[in-house]
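In case you want the letters, here they are:
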Amino acid sequence: MNKKNVISTVLLILIALIIYTLKNPIDVANLPETYQSRFYATFISLIPPVVAIALALITKEVYSSLFVGIAAGAILYSNGNVELALNTVLFNDSENGGGMLTKIAGNAGILVFLVLLGILVALMNKTGGSAAFGRWAVKHIKTRTGAQLSTMLLGILIFVDDYFNCLTVGSVMKPVTDTHKVSRAKLAYIIDATAAPICIIAPISSWAAAVTSSVPEEAGINGFQAFIQTIPYNYYALLTLVMMIYVIVRRLDYGKMRLHELNAINGDLFTTGKHDEKKEEEFVNPKGKVADLLAPVIVLIIACIFSMVYTGGFFDGVDFITAFADADASVGLAMGGFIAVIFAFFYYMYRDIITFGDFMSCLVDGFKAMVSPILILTFAWTLSGMTNLLGAKVFVANLVSGSAAGMQSLLPAIIFLVAVGLSFSTGTSWGTFGILIPIVLGVFPTGTMMIVSISACLAGAVCGDHCSPISDTTIMASAGGECNHINHVATQLPYALTVAGVAFVAYIITGYVKNVYICLPIAVVLMIGTLFVIEKITGREPVEEVEAVKEVEAN
């Protein structure tokens, strides 16, 4: 279908909806609180995210795909009334949904944090800190394998928050991976695989706080203690680490990632024409030192932890663990980012490596760098709001409740699959385990199966989040690695699905065995065995290409 036909079709649909609206008016200002779409909690409620995801994969254009998904959700929610659809997209403030303006207001702290991170990255570049670290890393990291393992290690060390992880690891390691000709798709994968999968098994993280708060008080269990017990059963997160190490050390790439890596070895880091043009040489501050990069990052980590426990009441006498569990991650991260920027100002001024004018220009540059991810996040949040208004979570929850009877040993595996589907379609992990954990506790109020099932819920939520093009962490990983978003999704998906398949089998085994000391080693062996089979089928990087890289490194 050509462009004119598409435009004509859209116009005809819009005219039909306007006519329908005029014939069936709704008093939008006095909409009853009990109002529901006729498609509420039906399979139709999953159409908006499915449309957005399908269009993104077909057109390779994220903004329009998300917008079409939002529009579809609003039209379905309003039962075809254009006036109500427009008000829903922009102004809906329902607890279960939320329009664009409501989502922006509710997530203002995250948006501010992203801008502050962008400013810090711009400052690190302007002062020469990033370049200095790049020079140091090039001297000490001699191989492509070393560059990728170093990126993975840094991602593991920054476990406080996935947003913080994505943007910080990307900005620090891009010069290193670029030097060793690692594709941006591979960099984005490593960033993404050490973001949510690490945060979900880190006791001190914003994700731990979210999980803890998702366990209802009436459940009679300590949410944080339950989270700690789920860690060894979180197969997707743990096996993702196993897979990363195997893929990096054995030089195993398959699917579209293989093409990206082979192109990178030959000099094309992006496998897309958008970044192939040669950029003008940027001025590199000769005064920059490695400390100019490390100092703000270290302060940022400390400040974020400090700010999060502050919002949780730590300085009002609450113990550290409880304060972290009760922390407001959005507010805490924004406070931590602000403290880090203030520190950077005085630190760089004292070092006399940047002028006041340059510092102020970095404020603008940092904001500009974050415009694209902020726009995508805003659309993704709004799409999630439309999906919630249509009752997608209720529909999925009913599926889980209906499948529980007579299948208790298989329930962890079923919960894992349902969590994957829900997280993938809505693009949110936190919303997924927020709705599924209470259901799990209703089926298994105590015992090992309760812990295993909660773990399956968390693992599935992270897996779906890892795969979804509309997930905020997937978007942030693309931004952190400066990788085309659709390229990142397409190259990461086979890797994520490989781990998901092994994790699913592991949960089937665990449902019957119920012993982590037996099941976890079996899961690891299955993961390594699966990758070994893939390696035998696809092969490793050809020797001559590896040698070509070594020559580049030697020079």
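Residues numbered from 1 in each chain as written. Predicted model: local features only at pLDDT ≥ 70, side-chain atom pairs only at ≥ 80, totals over all residues. Heavy atoms only, no water.

Let us now look at the overall build of the protein chain. When helices and strands are counted, the protein chain shows 27 helices and zero strands. Within the protein chain, the fraction of its 555 residues that count as buried is 54%. (Helix = DSSP H or I, 4+ residues; strand = E, 2+ residues; numbered from the N terminus. Buried < 20%, exposed > 50% of the residue type's maximum accessible area, 1.4 Å probe, protein only.)

Glancing now at the confidence of the model for the protein chain. Mean pLDDT over the protein chain: 83, with 88% of residues reaching 70 or higher. Within the model, pLDDT remains below 50 along residues 276–281, and this stretch shows one contact once partners closer than five positions in the same chain are excluded. (pLDDT = per-residue confidence, 0-100. Contact = heavy atoms within 4.5 Å.)

Our next topic: the side chain of T378. Within the fold, T378 resides in helix α19 (residues 356–389). Ignoring sequence-local partners within four residues, the contact set of T378 consists of M100 and I104.

Under the defined criterion, the tally for this structure stands at 15 aromatic pairs. With centroids separated by 5.3 Å and ring planes inclined at 80°, the aromatic side chains of Y35 and Y77 adopt a geometry described as edge-to-face. One end of the pair, Y35, is in the loop between α1 (3–23) and α2 (47–59); the other, Y77, is in helix α3 (residues 62–77), and 42 residues separate them in sequence. Aromatic pair Y189 and Y495: ring centres 5.0 Å apart, planes at 85°, arrangement edge-to-face. Residue Y189 is found in helix α10 (residues 184–193), and its partner Y495 is found in helix α25 (residues 485–513); the two are separated by 306 residues along the sequence. Comparing Y189 with Y495 shows no difference in burial state: the two are buried. (Phe/Tyr/Trp six-rings, centres within 6.5 Å; stacked < 30°, edge-to-face > 60°.)

Next up on the list: the nonpolar core. Core analysis: the largest hydrophobic core is formed by 79 residues, its most contacted members being I200, Y235, Y236, M243, F416, F433 and Y507. It is helix α23 (residues 448–467) that provides the largest number of residues to this core, a total of 13 residues. In this structure, L66, C304, F324 and L389 belong to the second largest nonpolar core, which totals 76 residues. (Core = buried A, V, L, I, M, F, W, Y, C linked by side-chain atoms within 4.5 Å.)

Using the criterion set out here, one finds eight salt bridges in the structure. A salt bridge links E482 to R184; the nearest nitrogen and oxygen atoms lie 3.6 Å apart. Placement of E482 in the loop between α24 (472–480) and α25 and of R184 in helix α10 is noted, with a sequence separation of 298 residues between them. Where K186 meets E261, a salt bridge forms, and the shortest distance between an N and an O atom there is 3.7 Å. (Salt bridge = Lys/Arg side-chain N within 4 Å of Asp/Glu carboxyl O.)

Here we take up α24. Across the nine residues of α24, eight count as buried, placing the element largely inside the fold. Where α24 is concerned, the buried positions are D472, T473, T474, I475, M476, A477, S478 and G480.

Between two packed helices, what matters for the description is the angle formed by their axes and the separation of those axes. For the pair helix α15 (residues 256–265) and α25, interaxial distance at closest approach is 7 Å and the crossing angle is 120°. In terms of axis orientation, α15 runs oblique to α25. Across the interface between the two elements, K256, M257 and H260 from α15 touch N487, A490, T491 and Y495 from α25. For the contact of α15 with α25, a count of residues per class yields three nonpolar, three polar and one charged. (Axes fitted to C-alpha atoms, helices over the stretch in contact; angles between N-to-C directions. Parallel < 35°, antiparallel > 145°, perpendicular 65-115°, else oblique. Nonpolar A, V, L, I, M, F, W, Y, C, P; charged D, E, K, R; others polar.)

On the secondary structure map, T382 appears in helix α19. A polar side-chain atom of T382 sits 2.8 Å from the main-chain carbonyl oxygen of T378. Those residues within four positions of T382 in sequence are excluded, and the remaining contacts are I70, V89, G98, G99, M100 and K103. (Polar contact = N/O pair within 3.5 Å; in protein donor to acceptor, adjacent residues only side chain to side chain.)

Phi angles above zero are rare outside glycine, and A41 is one such case at about 60°. By the secondary structure assignment, A41 is in the loop between α1 and α2. Despite not being glycine, D352 has its phi angle at roughly 60°, a positive value. Structurally, D352 is set in the loop between α18 (329–351) and α19.

Here the focus is a nonpolar patch on the surface. On the surface, a nonpolar cluster with roughly 650 Å² of combined accessible area is contributed by I7, L11, L14, I15, I18, I19 and L22. Inspection of the secondary structure assignment puts I7 in helix α1. With relative accessibility at 47%, the residue I7 sits in the partly exposed group. (Patch = residues over 30% accessible without salt bridge, like charges linked within 9 Å, V, L, I, M, F, W, Y side chains within 5 Å. Areas by Shrake-Rupley, 256 points an atom, 1.4 Å probe, with all protein chains shown as cover.)

What follows deals with the environment of G129. Turning to its location among the elements, G129 is positioned in helix α7 (residues 129–140). In this structure the C-alpha to C-alpha distance between G129 and K289, which are 160 residues apart in sequence, comes to 5.3 Å. Ignoring sequence-local partners within four residues, the contact set of G129 consists of M124, G288, K289, D292 and L293.

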